[in-house]
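Fold and geometry: a report
Now for the letters of each chain:
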Amino acid sequence: MPQLDFFALAMLEVVLAGALAGIVGVLVVLRERAFFTMSLTHATFPGAVAAAMLGGSVPIGAAVAAVALIAVAVGIGRIRSQGPAVASGVMLTAGFALGALLQSLAPLAIDVESFLVGQVLAVTGADVGLTAVLLVAAAAVWALAGRHLVFSSADEAGYRRAGMRPWIPETVSLALIAGTVVAIMPVVGAILGVALIVAPAAAARLVVRDWRWMLVLAPAIGITAGVVGLLASRWLDLAAGGAIALVAALLYGAAWLVGSARDRARPAEVRATIEARTP
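A brief look at the structure comes next. (Residues numbered from 1 in each chain as written. Predicted model: local features only at pLDDT ≥ 70, side-chain atom pairs only at ≥ 80, totals over all residues. Heavy atoms only, no water.)

Focus on the overall build of the protein
What counts is decided by this rule: Helix and strand assignments come from DSSP, with helices taken as H or I runs of at least 4 residues and strands as E runs of at least 2, each series counted from the N terminus. Think of it in three bands: with a 1.4 Å probe and only protein chains considered, a residue is buried below 20% of the maximum accessible area for its type, exposed above 50%, and partly exposed in between. Throughout, a residue-residue contact means that at least one pair of heavy atoms, one from each residue, lies within 4.5 Å. Here the accessible surface of atoms and residues is derived via Shrake-Rupley with a 1.4 Å probe, and residues count as covered only by protein chains that are part of the display.
Counting its secondary structure elements, the protein contains 12 helices and 0 strands. In sequence order, the protein lays out its α and β elements as α-α-α-α-α-α-α-α-α-α-α-α. Split into buried and exposed, the 279 residues of the protein put 46% on the buried side. Across the protein, contacts joining residues at least 24 apart in sequence account for 75% of those joining residues at least 6 apart. Carbon and sulfur atoms make up 69% of the accessible area of the protein, which totals about 13,400 Å².

And the structure:
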């Protein structure tokens, strides 16, 4: 996209990344995969470092590492005495430790900070294209299989009793989460990515109860966090990734205040009915 200067390109990327993170974040929140997502953001770090060492594509390296460590986590999670939480914890620590080890062995200096907290002002047209493609894919998945994703998230046993296979929506969910983590690395890096994915969707859930409205509100919050964070980083000379993650956290705090005030204003029986219907 040679017609755009570096800041305009960065602004386009944060808009797309915020929308993508919001849409996929709804899936993360409904399926309670926040800790897994945090682990996955760390798991992409060694792949990014290895790709930089070899002179290859950083997103491809991060994607390969994510797939490999997801396979390891799934294997650990199948051990009865362990479970998914243990698997995610192992993936988190092992992934980050491997990245740090590779960085220490690198024959050339590697800008590790750009992998950890992002470097959105250095994004390329290819980065923007990848984010756009994943945004379209995520929207298509929700449009075609949204009810299946919500049903399997709310009642996996019931989904199985209905004659359907829970591993299919689970695989789709993991693929979307992994793709999103890789796509937003240039914006918020490997460490802060979880903030942009989880905070907007969690904030949306505090304000609205229906998952359809969450799919509208969460991307809007994600875009707001990206745009405001990027502008703040320019005006105040701050790190863009940190500013975006902080704005996302502040928006979550604001949503919590709004949701709390609204719930206090409702009669107790109305609150109980709404909570019972929340997926």
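What follows picks up the thread again.
A word on unusual backbone geometry
Located in the positive-phi region is Glu32, a residue other than glycine, with phi close to 55°. Considering the arrangement of structural elements, one finds Glu32 in the loop between α1 (6–30) and α2 (34–54). Note on Glu32: relative accessible area 69%, which makes it exposed.

Some thoughts on the packing of aromatic side chains
Convention followed: Stacked, tilted and edge-to-face are the three classes assigned to paired rings of Phe, Tyr and Trp, where Trp is represented by its six-membered ring and a pair needs centres within 6.5 Å; plane angles under 30 degrees give stacked, over 60 edge-to-face, the rest tilted. In our convention, an over-ring charge means Lys NZ or Arg CZ found within 6 Å of a ring centre and within 35 degrees of that ring's normal.
All told, the structure shown has 2 aromatic pairs when counted by the stated rule. With 5.5 Å between their ring centres and 25° between their planes, Trp142 and Trp211 make a pair best called stacked. Of this pair, Trp142 sits in helix α6 (residues 125–154) while Trp211 is found in helix α10 (residues 211–236), placing the two residues 69 residues apart along the sequence. One exposure class covers both Trp142 and Trp211, and it is buried. Across the ring face of Phe7, the terminal group of Arg234 is positioned such that the distance to the ring centre comes to 4.0 Å.

Here we look at the side chain of Thr131
As for its placement among the helices and strands, Thr131 is situated in helix α6. In this structure Thr131 touches Glu13, Leu16, Ala17, Leu20 and Ala183, once residues within four positions along its chain are discounted.

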